[in-house]
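Overview (structure and organization)
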Amino acid sequence: MSKDSADRIQPPEVFVLAIGGFFGKSFRVERQGDTLSYVVWGHEANEWETPPTEEPLRPIDPDWRRLSDTLDEFWVWQGQPVYELKDSVDGTGWGLEVRWGERHVKSRGRNEYPEQFKEFLAALREQLGGRELY
């Protein structure tokens, strides 16, 4: 077995990240087969009836190892189920569900985030070819 094939790992069974708010753009990244789908939709005043645009994201060589390492590097596996600012009724909401072998996390929040959440998004954005993620 070559080193290259030994470094490959199976994709996660589930990977879904959604983030956005009532106004502005919202984003969703989801595993579909061997790819990630990237969906953006907006709720600007004139966009209420605009359907989301879906862009299949197929990296030339999906790097599931790198994604796994990113999840390990940041807060992901130790995340709390809910992060919310009290007395907050609007703003930015987010949700993340990942199931990868024995590991599973399902977490969400509204105007409150785990430590290093912005760094996690930046690392994921880089893996998505620089696509916007809020």
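Overview of the structure. This structure is a prediction, so every number in the text was calculated from the model and none was measured.

Here is what the cut-offs are and how they apply
- Residue numbers run consecutively from 1 along every chain, following the written order of its sequence.
- Side-chain atom pairs in this predicted model are given and counted only at pLDDT of 80 or more, local residue features only at pLDDT of at least 70, and totals for whole chains, interfaces and linings cover all residues.
- To obtain the side-chain values, all non-hydrogen atoms of the structure were included, while hydrogens and water were left out.
- Segments assigned H or I by DSSP are reported as helices when at least four residues long, segments assigned E as strands when at least two residues long, and all are numbered from the N terminus.
- Three exposure classes are used, based on accessible area relative to the maximum for each residue type with a 1.4 Å probe and protein chains only: buried under 20%, partly exposed in between, and exposed over 50%.
- As used here, the arc is the angular range of directions from the helix axis to the C-beta atoms.
- Every residue pair with non-hydrogen atoms within 4.5 Å of one another is taken to be in contact.
- In this description, strands pair whenever DSSP reports at least two bridges between them.
- Any carboxyl oxygen of Asp or Glu within 4 Å of a side-chain nitrogen of Lys or Arg constitutes a salt bridge here.
- Side-chain atoms within 4.5 Å link the members of a nonpolar core, which is a set of buried Ala, Val, Leu, Ile, Met, Phe, Trp, Tyr and Cys residues.

Peptide bonds are, in most cases, trans, and in most cases residues other than glycine have a negative phi. Located in the positive-phi region is N111, a residue other than glycine, with phi close to 60°. Take N111: it is sitting in the loop between strand 7 (103–110) and helix 3 (117–127). A positive phi angle is found at Q116, which is not glycine, with a value near 65°. Looking at the element boundaries, Q116 is found in the loop between strand 7 and helix 3.

All right, on to helix 2 (residues 64–73) then. Within the span of helix 2, buried status applies to W64, L67, S68, T70 and L71. Axial view of helix 2: buried residues confined to an arc of 160°, hence all on one face. Looking at the buried residues of helix 2, the elements they touch are strand 1 (14–21), strand 2 (25–32), strand 3 (35–42), strand 6 (92–100), strand 7 and helix 3.

In this section: the pairing of strand 2. Summarising the sheet, strand 1 and strand 2 pair through 4 bridges and their orientation is antiparallel. Of the residues in strand 2, the one forming a bridge with V16 is E30. Counting the residues between successive antiparallel strands, the hairpin from strand 1 to strand 2 contains 3 residues, one of them, G24, with a positive phi of roughly 85°. Relative to strand 3, strand 2 runs antiparallel, the two being bridged by 8 bridges. Directly across from R31, in strand 3, lies its bridge partner L36. As consecutive antiparallel partners, strand 2 and strand 3 are separated by 2 residues, and within that stretch G33 has a phi angle of approximately 65°, a positive value.

This part covers the pattern of salt bridges. For the coordinates displayed, the defined rule picks out 6 salt bridges. R28 serves as the salt-bridge partner of E30, at 3.1 Å between the closest nitrogen and oxygen. Classification of R28 as partly exposed rests on a relative accessible area of 30%. Among the ionic pairs, E84 bridges to R110, the shortest N-O distance being 3.9 Å. Taken together, the residues span a long stretch of sequence, with E84 in strand 5 (residues 82–84) and R110 in strand 7 at a distance of 26 residues. Connected through salt bridges with shared partners, the residues E84, R108 and R110 form a single ionic network.

Below, the discussion takes up the pairing of strand 1. Judged by how many residues are buried, strand 1 sits mostly within the fold: 6 of 8 residues are covered. Alignment of strand 1 against strand 6, held across 8 bridges, turns out to be antiparallel. Within the sheet, the bridge partner assigned to I19 lies in strand 6 and is W94.

What follows is about the nonpolar core. Judged by nonpolar contacts, the single largest core of 28 residues is most densely connected at F15, L96, F120 and L133. Those elements that place two or more of their residues in this core are strand 1, strand 2, strand 3, helix 2, strand 6 and helix 3. Per-element accounting of this core gives the leading share, 5 residues, to helix 3. Excluding anything up to four places from it in sequence, F120 contacts T70, L71, F74, W75, V76 and L96.

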